[in-house]
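# A structural walkthrough
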Amino acid sequence: MPRITTPSEGTATERLDCWRDAVSRNLVPLEVRPCESADFRASLHAVRVGQVHMSVITAEPHSIVRTHRHIASDAPDLFQLTVQLTGQGVLTQRDRQAEVGPGELVVYDTRRPFTYDLHQTHTGLVLMFPRTMLPLAERDLLRVTATPVPCHDGLGQVVLPLLRGLARQMEHLESRGTPRLADNVIDLVGTLLAEHADGDRRAEEAGPALLTERVLGYMEQRLADPGLSPEGIAAAHRISRRYLYKVLAAQGYTVAGWIREQRLARCRRDLADPALDHLPVGAVGGRWGFADPAHFSHAFKAAYGMSPREARAARR
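All values reported here derive from a predicted model rather than from experimental measurement. (Residues numbered from 1 in each chain as written. Predicted model: local features only at pLDDT ≥ 70, side-chain atom pairs only at ≥ 80, totals over all residues. Heavy atoms only, no water.)

## Remarks on the layout of surface pockets
Note the following rule: Grid points spaced at 1 Å and placed over the protein atoms alone form the basis of the search, with a cavity being a set where a 1.4 Å probe fits but cannot get out and a pocket an open set showing protein on both sides within 12 Å along at least five of seven lines. Lining residues have an atom within 4 Å of a point. Grid points are joined across faces, edges and corners, and a volume is the space filled by probe spheres set on the points. Under the grouping applied here, Gly and all other residues not named as nonpolar or charged are polar, the nonpolar ones being Ala, Val, Leu, Ile, Met, Phe, Trp, Tyr, Cys and Pro and the charged ones Asp, Glu, Lys and Arg.
Computed from the structure, the largest pocket encloses a volume of approximately 180 Å³. Lining the largest pocket are Asp 77, Phe 79, Gln 93, Arg 94, Asp 109, Arg 111, Arg 112, Arg 131, Glu 138, Leu 141, Leu 142 and Thr 145. Classifying every residue of the lining of the largest pocket gives 3 nonpolar, 2 polar and 7 charged.

## Section: the packing of helix H9 (residues 255-271) against helix H11 (residues 293-304)
Cut-off, in case you're wondering: For helices, the fitted line uses only the C-alpha atoms of the stretch in contact; every axis is such a line through C-alpha atoms, and the angle between N-to-C directions lies from 0 to 180 degrees. Secondary structure elements follow DSSP: runs of H or I of four or more residues count as helices, runs of E of two or more count as strands, with numbering from the N terminus. The scheme is simple: roughly parallel for angles under 35 degrees, roughly antiparallel for over 145, roughly perpendicular for 65 to 115, oblique for anything else. When checking whether two residues touch, look at their non-hydrogen atoms; a contact exists if any pair is within 4.5 Å.
Orientation of H9 relative to H11, taken along the N-to-C sense of each, is 90°, at an axis distance of 11 Å. Viewed along their axes, H9 and H11 adopt a mutual orientation that is roughly perpendicular. For the pair formed by H9 and H11, the contact residues are Leu 264, Ala 265, Cys 267, Arg 268 and Leu 271 on the first element and Phe 296, Ala 299, Phe 300, Ala 303 and Tyr 304 on the second. Classifying every residue of the contact of H9 with H11 by side-chain character gives 9 nonpolar, no polar and 1 charged.

## A closer look at the packing of aromatic side chains
As a reminder, the rule being used: Only Phe, Tyr and Trp rings take part, Trp by its six-membered ring, and two of them pair if their centres are within 6.5 Å. Stacked means planes under 30 degrees apart, edge-to-face means over 60, and tilted covers everything else. Ring-over charges, as used throughout, are those where CZ of Arg or NZ of Lys falls within 6 Å of the ring centre and within 35 degrees of the ring normal.
Tallying each qualifying case throughout the model produces 5 aromatic pairs. Taken together, a centroid distance of 5.2 Å and an interplanar angle of 40° make the contact between Phe 290 and Phe 296 tilted. In textbook terms, an aromatic cluster arises when at least three aromatic residues are bridged by ring pairs, as seen for Phe 290, Phe 296, Phe 300 and Tyr 304. Across the ring face of Trp 288, the terminal group of Arg 266 is positioned such that the distance to the ring centre comes to 6.0 Å.

## Here we look at the pairing of strand E7 (residues 89-93)
So the rule is basically this: When a residue's accessible area, from a 1.4 Å probe over protein chains only, is under 20% of the maximum for its type it is buried; when over 50% it is exposed; and in between it is partly exposed. In this description, strands pair whenever DSSP reports at least two bridges between them.
For E7, the buried fraction is high: 4 of the 5 residues fall into the buried class. Remark: 2 residues form the turn of the hairpin made by E7 and strand E8 (residues 96-100), two consecutive strands paired antiparallel; Arg 94 in that turn has positive phi of roughly 55°. Taken together, the 4 bridges between E7 and strand E10 (residues 114-118) define a ladder with antiparallel strand orientation. By the bridge assignment, Thr 92 is partnered in E10 with Thr 115.

## Digging into the pairing of E10
Taking burial as the measure, the 5 residues of E10 include 4 buried ones, the bulk of the element. Pairing geometry for strand E5 (residues 62-66) and E10, over 5 bridges, is antiparallel. Residue pairing in the sheet places Ile 64 in a bridge with Tyr 116 of E10.

## Focus: the nonpolar core
Within soluble globular proteins, side chains that are nonpolar generally end up buried alongside one another. What counts is decided by this rule: Definition used in this section: a nonpolar core is a set of buried Ala, Val, Leu, Ile, Met, Phe, Trp, Tyr and Cys residues joined via side-chain atoms within 4.5 Å.
The biggest cluster of nonpolar side chains holds 36 residues, and the ones touching the most others in it are Met 54, Leu 105, Leu 125, Leu 127, Phe 129, Leu 163 and Leu 193. At 7 residues, the largest contribution of residues to this core is made by helix H5 (residues 179-206). Setting aside its immediate chain neighbours within four residues, Leu 163 contacts Val 83, Leu 105, Leu 125, Leu 127, Val 185 and Val 189. Val 215, Met 219, Ile 233 and Leu 271 belong to the second-largest nonpolar core, a separate cluster that totals 30 residues.

## Points about the sheet that holds E5
Spatially, E2-E5-E10-E7-E8 is the arrangement adopted by the 5 strands of the open sheet, whose pairing is antiparallel. Each edge of the sheet is formed by a strand with only one pairing partner; in this case those strands are strand E2 (31-34) and E8. For this sheet, the mean inter-axis angle between neighbouring strands, taken without regard to orientation, is 15°. Contacts from helix H1 (residues 12-26) reach E2 and E5, with the element oriented near 150° to E2.

## Some words on the pattern of salt bridges
So the rule is basically this: We define a salt bridge as a side-chain nitrogen of Lys or Arg found within 4 Å of a carboxyl oxygen belonging to Asp or Glu.
In total, this model carries 13 salt bridges according to the counting rule given. A salt bridge links Asp 140 to Arg 143, with the shortest nitrogen-to-oxygen separation between them at 3.5 Å. Within this pair, Asp 140 and its partner Arg 143 are both found in helix H2 (residues 138-144), separated by 3 residues, close to a single helical turn. For the salt bridge of Asp 277 with Arg 312, the shortest nitrogen-to-oxygen distance reads 3.8 Å. Separated by 35 residues along the polypeptide, Asp 277 in the loop between H9 and helix H10 (281-287) and Arg 312 in helix H12 (residues 308-315) bring together distant segments of the chain. The network of salt bridges with shared partners includes Asp 17, Arg 20 and Asp 21.

Listed below in C-alpha cells is the structure:
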C-alpha cells in the first residue's frame, strides 16, 4: 500500500493538487482547500487490513471538503474514524460541529457531505470501514456521528493506546496484519462508541433539569481548579461534549460563561473580605482558577467596571 509525500519541488498549489489526488485515491473523493501557509507539505502512509483501510496522515494546515458532487448514488456505505494524535481538527457534518483535540476521535459518514478543518500542523490516524462492521443500533450511531469522543477515561483508556499503537506499527501491519485484527479493532471501537451513546441516552432519560443540576453542582465544587474544562465535565457525567452544551444552553448557560461568572463572583466576595487582605490580588484570582493575573484583572474589570485593586480599595 502507498506511502506518499508531497513533492519537494514545485509550487504550493502543485503540492496541494498532489495531496488532493493522493487523499481522494486512498480514501474518498474530496477537495483540499489551503490555509494561509505558502509552503504546504504532507505525507500519507496507508495499509489495508481485512476490510479496514488504515492511514497515518501528517500535514500542514488545510481543510478537506466532501460535497454532494463527490458522492455517487452507488457510493459504498463507509464510515471514517479519525483519531487526532497531534494538533486539533474541526469536523462538520449535518448540523453538528465537533472540535477534536489530541487523544480524541470522531466518526463520520462518507455518504454525507462533511468538512474537516485542520488549522494546525497535525498527525492523525484515519480508519475507513463498512458501516456494517460497527455493532451499533442506528439510533446510537446517529448519537455519536460527528461528535467528539474523548478517550481520557473509561474504555477510552484501553482504545486510545491501541489506536496509537496501530499508527506506530504501519510497517508491520502491511505484512502481519490480519482480517481478525481489523475486526477486533473496529469491534472495540464500536464498544467505546456504544458506551458514549449510552451516556447520552441515560442523560436524556434522566431529564435535562436533573442533569443540569448535577452538572452545575459538579462545576461549582471545582471552580478553583484551573483545569476545569468541558471535556472533563462531559466525561464525568458520561455524556458527549455536544450534549453538555445542549443541556446547558436550554437553561440559558454556556459552560465557559457560567464558570467565568461564578469564579468572578467568588473573587469579588473575597476582595470584600477583610480577613483576606493579606492575599495579593493575583492570589485571590488564583484561588478561583484564574492562573493568569492579567487575564483575571481584565475579566474582572469587564464584568464589574473596575479592577480588582479598585474593588478592594472601594471596600476599604
